[in-house]
Amino acid sequence: MGATGTTGTALLHSLRALDVPVRALTRTPNRLPGTAGPHDPHVEVRYADAGDPDSLRTAFAGADQLFLAMANSPAQVELETRVIDIAAHSGIRHIVKLSAPAAEPTSPVAVSRGHHAVEEHLRASGLTGTVLRPYAFMQNLLRLAPTVAQGLVLGAMRDAPCNYIDCRDIGDVAAAVLTRRHLAGGTYTLTGPEAVSHPNLAARLTALTGRRIQYVDLPPDELRANLVHQAAMPAWLADHVVEIQQLAVARPESPTTTVTDILGRRPRTLDAFLDEHRSHFG
């Protein structure tokens with residue numbers, strides 16, 4: 001599920017590279033990215049909407065594993081638990097859930113508390129459940145382009161290190177846990193090879209663009225207001241961004257070796273990602 005999302009797209013690419021038959025589920029089949037389509041022998045595209053139980057039953061028929069990735073939203077717990085219940089009744093035996101760090105019942109991050117609730121529901125379902133807990137997506141850094149164009153990176157993280165991971169590495173790990181039975185049932189925290197602070201990120205963008213990019217550390221309430229009023233971000237999402245940045249300050253982040261342990265190679269680096277998208281930052 002979520003075949004048109006950033007991680008779902010990466011997983012679809014990884015599974016196609018392995019010649020694994022896959023059913024790509026999306027609310028917008030006509031927007032499925034890449035070369036997957038009706039003439040791809042390995043990819044079957046189906047409509048599915050977590051708000052439409054009948055579409056889920058039809059989409060799950062005959063499948064035995066499910067990758068569950070849904071965009072964060074206030075309705076996420078309700079929708080994902082419904083998906084798990086319908087999957088269990090449809091014959092699916094293994095679900096790989098895309099979760100989040102700090103998925104704890106008392107997490108200061110509301111979205112992470114929601115992910116914990118879904119993880120617990122998955123554990124109680126009787127299915128084999130594998131949980132992926134990736135840190136910040138490198139792909140989300142592309143959203144900084146408008147402020148980088150103004151010479152700024154805004155945040156509320158002081159000089160706290162932040163773990164980043166390329167979604168393509170998440171896709172490769174997800175493909176591994178779906179195709180190697182001994183990996184099923186684990187909980188995997190995923191990061192890139194290094195944790196990078198916002199001041200250091202600004203320095204790397206300076207070197208990349210040849211223009212001075214400055215990190216401006218804002219009080220949390222000011223960052224939230226900027227995200228809502230300048231970036232037109234929904235209030236709940238602005239809260240989430242501020243909460244995860246404040247969590248990084250309270251709990252300094254450091255990289256794990258999980259990607260290397262599973263894939264036998266180092267994860268993609270932040271410098272390589274930024275260089276790949278050099279033109280995006282001008």
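Please refer to the structure higher up on the page.
The present account deals with the structure reproduced in this document. Just so you know, these numbers come straight off a predicted model, no measurement behind them.

1. Concerning unusual backbone geometry
- A positive phi is found at aspartate 19, a non-glycine position, where the angle reads about 60°.
- For aspartate 19, the location among the structural elements is in the loop between helix 1 (6-17) and strand 1 (22-26).
- With phi around 55°, alanine 232 is a residue other than glycine that occupies positive phi space.

2. So, the sheet that holds strand 5 (residues 128-134)
- A sheet is described by the order of its strands in space; here 4 strands give the open sequence 3-4-5-9, paired in parallel fashion. Taken across any chain shown, the strands that pair with only one partner, and hence form the sheet edges, are strand 3 (65-68) and strand 9 (187-190). The average angle at which neighbouring strand axes cross in this sheet is 15°, direction not considered.
- Alignment of strand 4 (residues 94-98) against strand 5, held across 5 bridges, turns out to be parallel. Of the residues in strand 5, the one forming a bridge with valine 96 is threonine 130.

3. Regarding helix 3 (residues 76-89)
- End to end, helix 3 covers 20 Å across 14 residues, agreeing with the expected 20 Å (1.5 Å per residue, within 8%).
- All of the buried residues along helix 3 are Gln76, Leu79, Glu80, Thr81, Val83, Ile84, Ile86 and Ala87.
- Looking at the packing, one finds that the buried side of helix 3 touches helix 2 (53-60), strand 3, strand 4 and helix 4 (110-124).

4. Points about the environment of serine 254
- Here serine 254 is to be found in the loop between helix 9 (235-250) and helix 10 (258-263).
- On the accessibility criterion, serine 254 (49% relative accessible area) is partly exposed.
- Taking the C-alpha atoms as reference, serine 254 lies 5.7 Å from alanine 195; in sequence the two are 59 residues apart.
- Beyond its immediate chain neighbours, meaning those up to four positions away, serine 254 contacts Asn163, Thr191 and Ala195.

5. Section: the layout of surface pockets
- Taken as a whole, the second largest pocket spans an internal volume of roughly 560 Å³.
- The wall of the second largest pocket is formed by 28 residues, among which Leu15, Pro21, Val22, Arg23 and Gln65 lie closest to the centre.
- Among the secondary structure elements, those contributing two or more residues to the lining of the second largest pocket are helix 1, strand 1, strand 2 (43-47), helix 2, strand 3 and helix 6 (167-179).
- Of the residues assigned to the lining of the second largest pocket, the class counts are 19 nonpolar, 6 polar and 3 charged.

6. Focus on the nonpolar core
- Of all hydrophobic cores here, the largest spans 27 residues; its most connected members are Leu11, Phe67, Leu132, Tyr188 and Leu190.
- Residue assignment for this core shows that the elements contributing at least two residues are helix 1, strand 1, strand 4, helix 6, strand 9 and helix 10.
- The leading source of residues in this core is helix 6, at 8 residues.
- Not counting chain neighbours up to four residues away, the residues in contact with phenylalanine 67 comprise Met1, Thr7, Leu11, Val96, Leu98, Leu132, Ala174 and Leu178.
- Val148, Val153, Ile213 and Phe273 belong to the second-largest nonpolar core, a separate cluster that totals 22 residues.

7. Let's talk about the packing of helix 2 against helix 3
- The N-to-C vectors of helix 2 and helix 3 enclose an angle of 45°; their axes lie 10 Å apart at closest approach. Relative to helix 3, helix 2 is oriented oblique. You can see that helix 2 and helix 3 cross each other, and the crossing is right-handed. Facing helix 2, whose interface residues are Pro53, Leu56, Arg57 and Phe60, helix 3 presents Arg82, Val83, Ile86 and Ala87.

8. Some words on the pattern of salt bridges
- For the structure on display, the rule yields 20 salt bridges.
- Via salt bridges that share partners, Glu119, Glu120, Arg123 and Arg133 belong to a single interconnected network.

9. Observations concerning the environment of aspartate 261
- By secondary structure assignment, the location of aspartate 261 is in helix 10.
- The exposure class of aspartate 261 is exposed, given its relative accessible area of 58%.
- Considering only alpha carbons, one finds aspartate 261 and asparagine 72, 189 residues apart in sequence, at a separation of 28 Å.

Calculation notes
- Residues numbered from 1 in each chain as written.
- Predicted model: local features only at pLDDT ≥ 70, side-chain atom pairs only at ≥ 80, totals over all residues.
- Heavy atoms only, no water.
- Helix = DSSP H or I, 4+ residues; strand = E, 2+ residues; numbered from the N terminus.
- Pairing = 2+ DSSP bridges.
- Axes fitted to C-alpha atoms, helices over the stretch in contact; angles between N-to-C directions.
- Expected span 1.5 Å × (residues − 1).
- Buried < 20%, exposed > 50% of the residue type's maximum accessible area, 1.4 Å probe, protein only.
- Contact = heavy atoms within 4.5 Å.
- 1 Å grid on protein atoms, 1.4 Å probe; cavity = no way out; pocket = protein on both sides within 12 Å on 5 of 7 lines; lining within 4 Å.
- Points joined across faces, edges and corners; volume = space filled by probe spheres on them.
- Nonpolar A, V, L, I, M, F, W, Y, C, P; charged D, E, K, R; others polar.
- Core = buried A, V, L, I, M, F, W, Y, C linked by side-chain atoms within 4.5 Å.
- Parallel < 35°, antiparallel > 145°, perpendicular 65-115°, else oblique.
- Left-handed = near helix turned anticlockwise from the far one by under 90°.
- Salt bridge = Lys/Arg side-chain N within 4 Å of Asp/Glu carboxyl O.

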